Amino acid sequence: MAEVELEEVTKSWGGAPAVDRVSFSARTGDLVALLGPSGCGKSTTLRLIAGLETASSGTIRIAGRDVTARPPATRGVSMVFQNYALFPHLTVAENIVFGLKVRDVPKAEREARLKRAAGILGLEKLLDRKPSQLSGGQQQRVALGRAIVAETPVCLMDEPLSNLDAQLRVEMRREIRALQKRLGMTMLYVTHDQVEAMTMADQVVLMKDGRIEQDGPPAELYESPATIFTARFVGTPPMNVLPASVLAAAGAPMAGHGPQGRPLGGLAIGIRPEDARLAETGAEATVAAVEYLGADTLVEARVRDHPFIVRLPGRAAVDVGGQIRLAWEPGRAHWFDLSSQRRIA
Ligand SMILES: Nc1ncnc2c1ncn2[C@@H]1O[C@H](COP(=O)(O)OP(=O)(O)OP(=O)(O)O)[C@@H](O)[C@H]1O
Ligand SMILES: [Mg+2]
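Cut-offs applied
Residues numbered from 1 in each chain as written. Chains lettered and ligands numbered in written order. Predicted model: local features only at pLDDT ≥ 70, side-chain atom pairs only at ≥ 80, totals over all residues. Heavy atoms only, no water. Domains from an automatic or database assignment. Near = heavy atom within 4 Å. Polar contact = N/O pair within 3.5 Å; in protein donor to acceptor, adjacent residues only side chain to side chain. Areas by Shrake-Rupley, 256 points an atom, 1.4 Å probe, with all protein chains shown as cover. Disulfide = S-S within 2.5 Å. Buried < 20%, exposed > 50% of the residue type's maximum accessible area, 1.4 Å probe, protein only. Helix = DSSP H or I, 4+ residues; strand = E, 2+ residues; numbered from the N terminus. Contact = heavy atoms within 4.5 Å. Core = buried A, V, L, I, M, F, W, Y, C linked by side-chain atoms within 4.5 Å. Axes fitted to C-alpha atoms, helices over the stretch in contact; angles between N-to-C directions. Parallel < 35°, antiparallel > 145°, perpendicular 65-115°, else oblique. Left-handed = near helix turned anticlockwise from the far one by under 90°. Nonpolar A, V, L, I, M, F, W, Y, C, P; charged D, E, K, R; others polar. Salt bridge = Lys/Arg side-chain N within 4 Å of Asp/Glu carboxyl O.

What the domain assignment reports for the protein is domain 1 (4-224) and domain 2 (237-337). Using C-alpha coordinates to define each centre, domain 1 is positioned 40 Å away from domain 2.

Right under this line is the structure:
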């Protein structure tokens, strides 16, 4: 069942819409990542769902109810903000139950929920501290605690891990995902980090300029990107996307035409760095840089002045300035129409 549903939702403040006819739905109990570059409309979409912004047009449904015109408190969602927004003068315990107090939840019930949330988040020993006496990760957990005690079926998170260091991010990612699954929450999770989206989400909604570029499970975005933008946004290093005619002229392993017999002019080919290899025959390239990472080596090459990155296992025997030839399984090539920027089936 769809827990959260957006239908043709638009938000504009006068100029170009920040959110432009966005439609997607989040199934009950799923974690849906809203992914995209800065300014693409992720936070605005989340705030529209929370009711902190009013849609210019379109419909928002939560648990089957049209909530488009309803105030935030009646929507049954909790939200975790990027900056935690903890009250500095309140203790951890007071911060966590603040929203419950405002809503006149009885004291015994508040205590029970606090105990449960503190247990889940490992905050039992910190309940009497002030936020200033906590590490960033602990503050983050307090902010999560506030969302958990609300016990709403839908939880919205706006880049909740952006203030944490790399290692803590990885830990918190796992904790949030485990928690979301354990509690059966439906979670909408905003991030501009594709690794975060790919590793945590059941469904990824990739946005660009206020519109949805692609909406699907992580593997679908990776394996069948619908556009050149998706192809290059998902995966590191990004997919190599070059004009088909350039690759053909360089001697790449391919027929003289594209899918459905289309001429090569106007088409682009995408090859993931991990799908390319060195070969006796293939596209001629010059090595521009070599980056040894331990488990593998990234070779940055140039094919007729177009950059092309190859990921080779272990330590690769290539030298900067040297000539190499690149090949790949034809089935690994992604074809795109250069004018529409869209995938060709
Ligand atoms: N209150 C506002 N008034 C006018 N324009 C706004 C307002 N809030 C956001 N915008 C604009 O809407 C667009 C989308 O902003 P939004 O905050 O949703 O982006 P985002 O994807 O969350 O980006 P980031 O990753 O940087 O947080 C931006 O161009 C922004 O300038
Ligand atoms: Mg934002």
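Moving on from the model shown.
Here the focus is the site of ligand 1. If you check the shell around ligand 1, you find W13, A18, P37, S38, G39, C40, G41, K42, S43, T44 and E159 and nothing else. Residue G39 places a main-chain N or O atom 2.7 Å away from an oxygen atom belonging to ligand 1. Residue C40 places a main-chain N or O atom 3.2 Å away from an oxygen atom belonging to ligand 1. In the complex, the protein chains occlude 56% of the 640 Å² of accessible area that ligand 1 would expose alone.

Now for the state of the cysteines. Per the stated rule, a full pass over the model turns up zero disulfides. Looking at the unpaired C40, the closest cysteine sulfur is the one in C155, lying at 20 Å. Judged by its relative accessible area of 1%, C155 is buried.

On to the side chain of D275. Examined against the element boundaries, D275 turns out to sit in the loop between strand 12 (267-271) and strand 13 (277-292). Filtering out sequence-adjacent residues up to four positions away, D275 remains in contact with A327, W328 and R332.

Right, let's get into the nonpolar core. Membership of the largest hydrophobic core comes to 44 residues, with the highest contact counts inside it found for I96, M157, I176, M187 and Y189. With six residues, the single largest contributor to this core is helix 4 (residues 136-149). Apart from residues no more than four positions distant in its own chain, M187 is found in contact with D30, L31, V32, C155, M157, I176 and Q180. With 28 residues, the next largest nonpolar core counts V246, A301, V318 and I324 among its residues.

One can find A285 in strand 13. Looking at A285, the relative accessible area reads 1%, which means it is buried. Along the chain, A285 and P307 lie 22 residues apart, while their C-alpha atoms are 9.3 Å from each other. Here A285 is in contact with A301, R302, V303, G322, Q323, I324 and L326, once residues within four sequence places are set aside.

The next point concerns helix 1 (residues 42-50). Here helix 1 lies mainly inside the structure; seven of its nine residues are buried. The set of residues buried in helix 1 consists of K42, T44, T45, L46, L48, I49 and A50. Residue G51 follows helix 1 closely and has a positive phi angle near 90°.

With that settled, the discussion passes to the packing of helix 4 against helix 5 (residues 166-183). Interhelical geometry of helix 4 versus helix 5 gives an angle of 15° and a closest axis separation of 12 Å. Comparing their axes, helix 5 and helix 4 come out roughly parallel. Like other packed secondary-structure pairs, helix 4 and helix 5 cross with a definite hand, here right-handed. Residues G137, Q140, R141, L144 and I148 of helix 4 form the contact with helix 5, whose participating residues are L168, M172, E175, I176, L179 and L183. Counted by class, the contact of helix 4 with helix 5 contains seven nonpolar, two polar and two charged residues.

The next subject is the pattern of salt bridges. Counting across every chain of the model gives 22 salt bridges. The partner of E300 in a salt bridge is R302, with the nearest N and O atoms 3.1 Å apart. When its relative accessible area of 28% is taken as the criterion, E300 is described as partly exposed. Judged by its relative accessible area of 32%, R302 is partly exposed. Salt bridges sharing common partners tie together E109, R113, R116 and E151.

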